[in-house]
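Here is how the chains run, residue by residue.
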Amino acid sequence: MLRQHRYYLGLFWLVTIFVLPLPLIQAIAMGLSPIYAQSFFAINLGVIAYVWMLFELFIATRPKWLERLIGLPEMYFVHGMIGIGIIIVAYLHKSWSQSNGLIKLTGDAALVILIGVLLYSVFFLSGWLTDRVWWWLRQVKQWLEHVFKHEISVWLHRLNVVATLLIFVHVILNP
């Protein structure tokens, strides 16, 4: 059963990373003006980050069929890795494309929110740092958990929805 489980997990990764963004990339490519030809790669990076963000929101709903297919620990792993990938790809999109005004403001605000939620999640929710790096970091986390209870963590994690809405506005404002 483990072999079949790994097959589904690999197929899940393949579809998530490569197949999901393709329809929107194709739609953008068909409607993109030739004056944006030099920014085509950067625009596609933004499209990939946006599609992955929508997929992250889907995973966050914890669909039962997906949980049965790949398992809850793997769903959390995919959620974390794709989240990190979103921030990397979105940062590259920001670095390689030019924008100004409200378009730049909404994109930058969404990226700041995503980075903030990532840092908070890596420290409080995942244990990636506190279990492996410094012993005093674990003590700081235990002390801060009295202030940042799980309910606050859940509400802070919901800022991803705000970031996604900002990205949606960012996409709509583009000519």
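1. Considering the packing of aromatic side chains
Then, number 1: If you walk through the whole model with that rule in mind, you get four aromatic pairs.
Then, number 2: Ring centres of Phe-55 and Phe-58 lie 6.3 Å apart, and the angle between their planes is 40°; this geometry places the pair in the tilted category. One end of the pair is Phe-55 and the other is Phe-58, both in helix H3 (residues 40-60) and three residues apart, which spans about a single turn.
Then, number 3: By relative accessible area, Phe-55 is classed as buried at 10%.
Then, number 4: Ring geometry for Phe-58 and Trp-65: centres 6.3 Å apart, planes at 40°, overall tilted.

2. Digging into the nonpolar core
One recurring pattern in soluble globular proteins: nonpolar side chains tend to sit buried together.
Then, number 1: Core analysis: the largest hydrophobic core is formed by 30 residues, its most contacted members being Phe-12, Ile-59, Val-78 and Leu-114.
Then, number 2: Looking at this core, the elements that each hand over two or more residues are helix H1 (2-19), H3, helix H4 (64-70), helix H5 (72-96), helix H6 (102-126) and helix H9 (159-173).
Then, number 3: By size, the runner-up hydrophobic cluster in this structure holds five residues, among which are Phe-123, Phe-124, Leu-137 and Leu-144.

3. Some words on the pattern of salt bridges
Then, number 1: Counted under the stated rule, the structure contains two salt bridges.
Then, number 2: Glu-67 is paired through a salt bridge with Arg-62; the nearest N and O atoms lie 3.9 Å apart.
Then, number 3: Accessibility expressed as a relative area gives 21% for Glu-67, which makes it partly exposed.
Then, number 4: Lys-104 is the salt-bridge partner of Asp-108, the closest N and O atoms lying 3.2 Å from each other. One end of the pair, Asp-108, and the other, Lys-104, are both in helix H6, four residues apart, so they sit about a helical turn from each other.

4. Some details on unusual backbone geometry
Then, number 1: One non-glycine residue, Arg-62, lies in positive phi territory at about 50°.
Then, number 2: Its location among the elements puts Arg-62 in the loop between H3 and H4.
Then, number 3: The partly exposed category is assigned to Arg-62, whose relative accessible area is 33%.

Basis of the calculations
Residues numbered from 1 in each chain as written. Predicted model: local features only at pLDDT ≥ 70, side-chain atom pairs only at ≥ 80, totals over all residues. Heavy atoms only, no water. Phe/Tyr/Trp six-rings, centres within 6.5 Å; stacked < 30°, edge-to-face > 60°. Helix = DSSP H or I, 4+ residues; strand = E, 2+ residues; numbered from the N terminus. Buried < 20%, exposed > 50% of the residue type's maximum accessible area, 1.4 Å probe, protein only. Core = buried A, V, L, I, M, F, W, Y, C linked by side-chain atoms within 4.5 Å. Salt bridge = Lys/Arg side-chain N within 4 Å of Asp/Glu carboxyl O.

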